[in-house]
Protein chains: 2
Amino acid sequence: MEKYHRNERIGAIVKILTENPNKIFTLNYFAEMFNAAKSTVSEDIVIAKKMMDKFSFGIIETLSGAAGGVKYIPIFSEDKSKELVHDLCTRLSSTDRIIPGGFLYMTDIIYSPDIVSVIGRILATHFMDAGADYVLTIETKGIPIALMTAKYLNIPLVIVRSGSKVTEGSTVSINYVSGSTKRIQTMSLSRRAVKRGTKSIFIDDFMKAGGTATGIMELMKEFENEVLGIGVLMESKEPEIKMVDNYISLLTLDGVDEENNIVKIEPSSTFL
Amino acid sequence: MEKYHRNERIGAIVKILTENPNKIFTLNYFAEMFNAAKSTVSEDIVIAKKMMDKFSFGIIETLSGAAGGVKYIPIFSEDKSKELVHDLCTRLSSTDRIIPGGFLYMTDIIYSPDIVSVIGRILATHFMDAGADYVLTIETKGIPIALMTAKYLNIPLVIVRSGSKVTEGSTVSINYVSGSTKRIQTMSLSRRAVKRGTKSIFIDDFMKAGGTATGIMELMKEFENEVLGIGVLMESKEPEIKMVDNYISLLTLDGVDEENNIVKIEPSSTFL
């Protein structure tokens, strides 16, 4: 049977842990893979752990006991999160993003695999210890960010639909009033999608008054699911009083001034 | 300045390359990061490359010349792809997925971050050398798979919408006839989303007759964008003659027999 050098074992451990954040791997898993003693793998992991620390790549955590093993926690440092949010702020503030009507073109950013990985990881860092069982989002634009958040937390993504689709079986639907447009809308979710007695976080691209988030919280009551918190890429400065309070945003939009060609965005208070 | 051991440098290189598939990093980038000579980094990369080979993790490719550097190509071996498709087949064939009306509940699978990573990587492996500039999808259920495909290919994701949304500026819309339901539907895309003279692949969760794919190809003509190929998680066996031919599917659905409680799915010919 092939033996591997320490270099190679460490490389392989880092590869597997990086691709599977928050997933526990036993020492036996690696020992069998490398045809090596568990004590050898333990030493490899100590080196990998120190490396991760030195480069601020996140944390490799060792869990003892019956469910023991090792997992990778992909948290960003506070400084790193702030730096990345400031970068995003600069990119989104570009005046060529202004769309007639005073809107901001953001879809290239919020669909870019690279950028949504970063946004998802910042949000996952914030909710790492919340104990959520699901990441919820509502179609369409928040899906990429929510998926990456779920990937880093290693929990399932649940997409709430507008309107009920036949291919998802029996659904629960609610009507809600969008806080900003005051229009009545419908959202629905398959009964199978969420187990009763669970917890979740709600992730979206944008929040104005918080009507959608309120709707989600109403809907989740029907599933006996507790929404622990809300994370959005961007909130609007107005209205200052939102319909929800347990939320975090990365950026705050103070408005798009079409006439004078100015986009006013700043990092939200947590990331200033 | 801190120096790092070879172990640590290799771990860090593997970490960065794994997180950024198909992105080129110069030797200088690593040399500066490690405060090490380029020749040292070169040796590290040779070791990392061999490790990736031994474990079939994909390929580390070294590019010479002015645009030189190193990148990670996350391809699966043919055997690995087949094994994973067979696993998926088993999971999706579970009879408790049958929904009244003869539908199959799949959203837990096609929204699971772990599973869509695998599906996206299989599709990315297939389209690795196609030379696409974008991954296209249409809302909603194909988005997670398409995002992960785009992530592994390191190209932008473009989401075509049903109906035109004001926040995306001027849009191009087309009407198309869904091949299976024969209903007229609308799809639209912001003019800003795709540059002229580019190429793309279209990724979706399911294909019946191929009406949606045909619609996408029509729409992309308006952007002078060539759709190089189509990748779907699942196709239906009927109709056998689809409206498009340049597609690949992972699985083929031969029907859901509600009465006898049987789900007939098999790996598509490429993955048998």
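Participant: Can you explain the pattern of salt bridges? Please cite residues and give values.
Facilitator: Pairs may arise between side chains of opposite charge once their charged atoms sit close together. All names here are of chain B. Taken as a whole and assessed by the stated rule, the structure comprises 28 salt bridges over all chains. In this structure, E19 and K15 form a salt bridge, with 2.7 Å as the shortest nitrogen-oxygen distance. Here the residue E19 and the residue K15 both occupy positions in helix α1 (residues 6-19), the gap between them amounting to four residues, near one helical turn. Residue E19 shares its accessibility class with K15, and that shared class is buried. When the shortest N-O distance is used, the salt bridge between K221 and E218 registers 3.1 Å. Taken together, the residues K221 and E218, both in helix α8 (residues 211-221) and three residues apart, mark about one turn of the helix. Classification of K221 by relative accessible area gives exposed; the value is 57%. Judged by relative accessible area, E218 falls into the partly exposed class, the value being 40%.

Participant: I'd like a description of the relation of the copies chain A and chain B, backed by residues and values.
Facilitator: Relative to chain B, chain A is turned by 180° and slid 0.0 Å along the rotation axis, the superposed coordinates differing by an RMSD of 0.0 Å. In short, the pair behaves as if placed about a two-fold rotation axis. A high fraction, 100%, of the interface residues of chain A reappear at the interface in chain B, so the copies pair face to face through one surface.

Participant: Quick one: what's the story with the packing of aromatic side chains, residue by residue and with numbers?
Facilitator: Tallied over the entire structure, the rule returns 16 aromatic pairs over all chains. Taking the centre distance of 5.4 Å and the plane angle of 20° together, the rings of F55 of chain A and F57 of chain A count as stacked. Note on accessibility: F55 of chain A and F57 of chain A belong to one class, buried. Geometrically, the ring pair formed by F55 of chain A and F34 of chain B is edge-to-face, given 5.7 Å between the ring centres and 75° between the ring planes.

Participant: Which residues make up the interface of chain A and chain B, and what values do they have?
Facilitator: Counting residues at the interface gives 59 residues for chain A, matched by 59 residues for chain B. Here chain A and chain B share six salt bridges between them. Where chain A packs against chain B, one counts 14 residue pairs in polar contact (both at pLDDT 80 or more). Top contributing element to the side of chain A that touches chain B by residue count: helix α1 (residues 6-19) of chain A, with 11 residues. Taken together, the residues of the side of chain A that touches chain B sort by class into 32 nonpolar, 10 polar and 17 charged.

Participant: Go over α1 of chain A with me, naming the residues and quoting the values.
Facilitator: All names here are of chain A. With 14 residues, α1 extends 20 Å between its outermost C-alpha atoms, agreeing within 8% with the 20 Å of an ideal straight helix rising 1.5 Å per residue. Counting buried residues in α1 gives 12 out of 14 residues, a clear majority hidden from the surface. All buried positions along α1 are accounted for by N7, E8, R9, I10, G11, A12, I13, V14, K15, I16, L17 and T18.

Participant: Run through the domain arrangement of chain A, naming residues and quoting values.
Facilitator: All names here are of chain A. For chain A, the assigned domains are domain 1 (6-73) and domain 2 (78-271). The distance between the C-alpha centroids of domain 1 and domain 2 comes to 33 Å. The interface of domain 1 with domain 2 comprises seven residues on the first partner and six residues on the second. Carbon and sulfur atoms supply 46% of the area buried between domain 1 and domain 2, which totals about 490 Å² over both sides. Between the two partners, domain 1 and domain 2, sit zero salt bridges. In this assembly, domain 1 and domain 2 are joined by five residue pairs in polar contact (both at pLDDT 80 or more). Partitioned by chemical class, the residues of the side of domain 1 that touches domain 2 number four nonpolar, one polar and two charged.

Participant: Lay out unusual backbone geometry with the relevant residues and their values.
Facilitator: A negative phi angle characterises most non-glycine residues, just as the trans form characterises most peptide bonds. Residues E139 of chain A and T140 of chain A are joined by a peptide bond in cis, for which omega reads 10°. Positive phi, close to 55°, is recorded for S56 of chain B, a residue that is not glycine. Within the secondary structure, S56 of chain B is located in the loop between α3 (38-54) and β1 (59-63). Judged by relative accessible area, S56 of chain B falls into the partly exposed class, the value being 48%.

Participant: Lay out the packing of helix α6 (residues 113-127) of chain A against helix α7 (residues 143-153) of chain A in plain terms, naming residues and giving numbers.
Facilitator: Residues and elements named next belong to chain A. Running from amino to carboxyl end, α6 crosses α7 at an angle of 55°, the nearest separation of the two axes being 7 Å. Taken together, the axis directions place α6 and α7 in an arrangement best described as oblique. α6 and α7 meet at a crossing whose hand is right-handed. Residues V116, S117, I119, G120, R121, L123, A124 and F127 of α6 touch α7, and the partners they reach there are P144, I145, M148, T149, Y152 and L153.

Criteria and cut-off values
Residues numbered from 1 in each chain as written. Chains lettered and ligands numbered in written order. Predicted model: local features only at pLDDT ≥ 70, side-chain atom pairs only at ≥ 80, totals over all residues. Heavy atoms only, no water. Salt bridge = Lys/Arg side-chain N within 4 Å of Asp/Glu carboxyl O. Helix = DSSP H or I, 4+ residues; strand = E, 2+ residues; numbered from the N terminus. Buried < 20%, exposed > 50% of the residue type's maximum accessible area, 1.4 Å probe, protein only. Least-squares fit on C-alpha atoms with pLDDT ≥ 70 in both. Contact = heavy atoms within 4.5 Å. Phe/Tyr/Trp six-rings, centres within 6.5 Å; stacked < 30°, edge-to-face > 60°. Polar contact = N/O pair within 3.5 Å; in protein donor to acceptor, adjacent residues only side chain to side chain. Nonpolar A, V, L, I, M, F, W, Y, C, P; charged D, E, K, R; others polar. Expected span 1.5 Å × (residues − 1). Domains from an automatic or database assignment. Buried area = accessible area lost by both parts, 1.4 Å probe. Axes fitted to C-alpha atoms, helices over the stretch in contact; angles between N-to-C directions. Parallel < 35°, antiparallel > 145°, perpendicular 65-115°, else oblique. Left-handed = near helix turned anticlockwise from the far one by under 90°.

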